[in-house]
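As a plain string of letters, each chain reads:
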Amino acid sequence: MKLYNQRTIRKAIMLFFTALLITSCTDNFEDLNLHPSNPSENDLTNSERIGSLFPTLISTMHYAQENRNQMVEQMVGNQYGGYMVTTNSWQGTNFGTFNPAKDWVDYPFNTIMVDFNSNYLFVKEVTQSTGYIYAWANILRVATMLRVTDMYGPIPYSKISEGGLTTGYDNVQDVYHNLIADLDNSITSLTSYLAEKPTQSPLAEYDVVFNGDFGKWIRFANSLKLRMAVRIAQVDTEYAKTVMQQAIDAGPIEVNTDNAFIPTQDNPYYKSSHSWGDLAVSAVLSAYMNGFEDPRREVYMTLATYGEKYRGVRMGIENIYKPWYSATAYFSKPAFASDSPLLVYCAAETAFLKAEAALRGWIPGGDEQARSFYEEGITLSMEQHGVTAGDFIQSTTPPEVYKDIATNISISVNTPVTVSWDDAGASENTKLEKIITQKWLANYPLGFESWCDHRRTGFPQFFPAQDNLSSSGFIGDVTNSSSRMVRRLPFPQSQYQGNNTNVQEAVQMLGGDDVANTDIWWAQKP
């Protein structure tokens, strides 16, 4: 793994975008002009200046850059979301054993906030906070800042333009309400723009997700509204129910042709697992998929040649021996190719969100409608991955008992769940577990989404870390059980050093200490 000095990177980013702010015009940014090959900054049109920032804004929704992906998606999201395990010991520090280094805990906050806001604030200034380009930027802002607030809790959001990262925090409820309000404003703006029947936007070439199709961006915005509303519905029920229904009525992503992906030519999961030997599939993922005989296994993970078996690795092995646990003969790796795109949102998630909402009575339909959405989600996921479902939906086999061939340690989930909705006497809680478990399988590798679901519902059931070293780490003692583990990341030390008054107020908003065991607002039981 390549680690580099964060202060140097942040300084370079800020200097670069300060230069852009000084040299760029702020009006008529949609004008297109011809310029020579190898243009200088002065040769660029305003469309090109502002458009060139959007790939970075898009990237923060799911990092493709190898170091950022490893430090954010792999180490945090995909370990705590039950998809992957890091197989490098890194001198005995690891998120999986709950003793990450201090700067590793700071990294997601500092990196995402700088990467995004140094670009976003420029777009905001150039557009004067109006128009469809600003609306697009705000949808990306919501998708990105949602990741940050779900990791840390309160974050700087509403006041971010006033003081950069040295500004006041919003509590999580206010962040969510502001995120949803910003989506509503963006949807209104983009809908008005499309009503004018425009020709293709001059920024379409910078849209690597939907190629300038703002109708799909509106669907994505509605999908984010639905995702957020379901997340907070247990603690903010009436507001969330209204938002859910608005999102469903307006139309979220419901077919796979509308799925949101970020293309790659150097997929970071492939690089970390196959080139660096730093990444393997999680044991809990292989246990569920093997037990269910899930036809997506061959799409999600490689086959270990020893025993001809899909076999993951336990999270949290102290001083993990990389040559053994990274060996393709013994353990499965994520089955990405070097050009596999990165998922941001899929139609199956919409179906599972509606299934949960119907089951809990947040939208009409009850148990019967919940089942219909549940089975639709499974079907959509199979279709997305190009596999045949067969009789998977009727499967009644539980997750397998996992055995580590290195240690002969065996472990299984506490109360095995199956796929079939028709299990005799299944309670509402069991049906909720089925929904969340299948949503988890469909959302691979969106680890942050799965980590959020696990924290608010306790599902899917995960294996606890093999070794709990939190007492020697920076994040505070962690309750290492299958239903708890890490609940959030502590605020960065850089915020205590440069924004102390505001971060101390943010700690008060938490309702607990600034440690990994403190629940975020939406995970607190009412």
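For the structure itself, consult the block above.
What comes next is a walk through the structure. (Residues numbered from 1 in each chain as written. Predicted model: local features only at pLDDT ≥ 70, side-chain atom pairs only at ≥ 80, totals over all residues. Heavy atoms only, no water.)

**Focus on the overall build of the protein chain**
Secondary structure summary: the protein chain contains 20 helices and six strands in total. Against the compact-globule benchmark of 24 Å for 526 residues, the protein chain has a radius of gyration of 23 Å, which places it among compact chains. Taking the intrachain contacts of the protein chain between residues at least 6 apart in sequence as the baseline, contacts between residues at least 24 apart amount to 75%. Taken as a whole, the protein chain presents about 19,500 Å² of accessible surface, with 48% of it coming from carbon and sulfur. Here the protein chain carries 39 positive and 57 negative side-chain charges, and the mean point of each set is 4 Å from the other. (Helix = DSSP H or I, 4+ residues; strand = E, 2+ residues; numbered from the N terminus. Rg over C-alpha atoms; globule rule 2.2 N^0.38 Å. Contact = heavy atoms within 4.5 Å. Areas by Shrake-Rupley, 256 points an atom, 1.4 Å probe, with all protein chains shown as cover. Lys, Arg positive; Asp, Glu negative; His and termini not counted. Charge placed at Lys NZ, Arg CZ, Asp CG, Glu CD.)

**A short note on the pattern of salt bridges**
Summed over the entire model, instances satisfying the criterion amount to 27 salt bridges. As a salt-bridge pair, lysine 354 and glutamate 254 come within 2.9 Å of each other at their nearest N and O atoms. Separated by 100 residues along the polypeptide, lysine 354 in helix α15 (residues 347-359) and glutamate 254 in the loop between α10 (237-250) and β2 (260-262) bring together distant segments of the chain. The class of glutamate 254 is partly exposed, set by a relative accessible area of 30%. In this structure, arginine 484 and aspartate 519 form a salt bridge, with 3.0 Å as the shortest nitrogen-oxygen distance. Placement of arginine 484 in the loop between α18 (447-457) and α19 (493-498) and of aspartate 519 in the segment after α20 (500-510) is noted, with a sequence separation of 35 residues between them. For arginine 484, a relative accessible area of 22% puts it in the partly exposed group. Connected through shared salt-bridge partners, Asp150, Arg227, Arg231, Glu349 and Glu449 make up one network. (Salt bridge = Lys/Arg side-chain N within 4 Å of Asp/Glu carboxyl O. Buried < 20%, exposed > 50% of the residue type's maximum accessible area, 1.4 Å probe, protein only.)

**Considering unusual backbone geometry**
A cis geometry characterises the amide bond from tyrosine 444 onward to proline 445, with omega recorded as 5°. Residue phenylalanine 459 is joined to proline 460 through a cis peptide bond whose omega torsion reads -10°. Among the secondary structure elements, proline 460 is positioned in the loop between α18 and α19. Positioned with a positive phi, lysine 197 is a non-glycine residue whose angle comes to about 50°. Structurally, lysine 197 can be placed in the loop between α8 (172-195) and α9 (214-232). The exposure class of lysine 197 is exposed, given its relative accessible area of 72%.

**Observations concerning the state of the cysteines**
What we call a disulfide is simply a covalent bond connecting the sulfur atoms of a pair of cysteines. Within the structure shown, the criterion is met by zero disulfides. Just so you know, cysteine 346 is unpaired, no disulfide at all, and the nearest cysteine sulfur is the one on cysteine 452, 15 Å from it. What makes cysteine 346 buried here is its relative accessible area of 0%. By relative accessible area, cysteine 452 is classed as buried at 1%. (Disulfide = S-S within 2.5 Å.)

**A short note on α15**
The first and last C-alpha atoms of α15 sit 19 Å apart over 13 residues, in line with the 18 Å expected at 1.5 Å per residue. Burial within α15 is extensive, with 13 of its 13 residues counted as buried. Remark: glycine 361 follows α15 within two positions and exhibits a positive phi of approximately 80°. (Expected span 1.5 Å × (residues − 1).)

**Quick notes on the packing of helix α6 (residues 131-152) against α18**
Where α6 meets α18, the axes come as close as 11 Å, and the angle between the chain directions of the two elements is 40°. Classified by the angle between their axes, α6 and α18 sit oblique to one another. Between α6 and α18 the crossing geometry is left-handed. Counting all contacts with α6, which are made through Arg147, Asp150 and Met151, the residues of α18 involved are Phe448, Trp451, Cys452 and Arg455. (Axes fitted to C-alpha atoms, helices over the stretch in contact; angles between N-to-C directions. Parallel < 35°, antiparallel > 145°, perpendicular 65-115°, else oblique. Left-handed = near helix turned anticlockwise from the far one by under 90°.)

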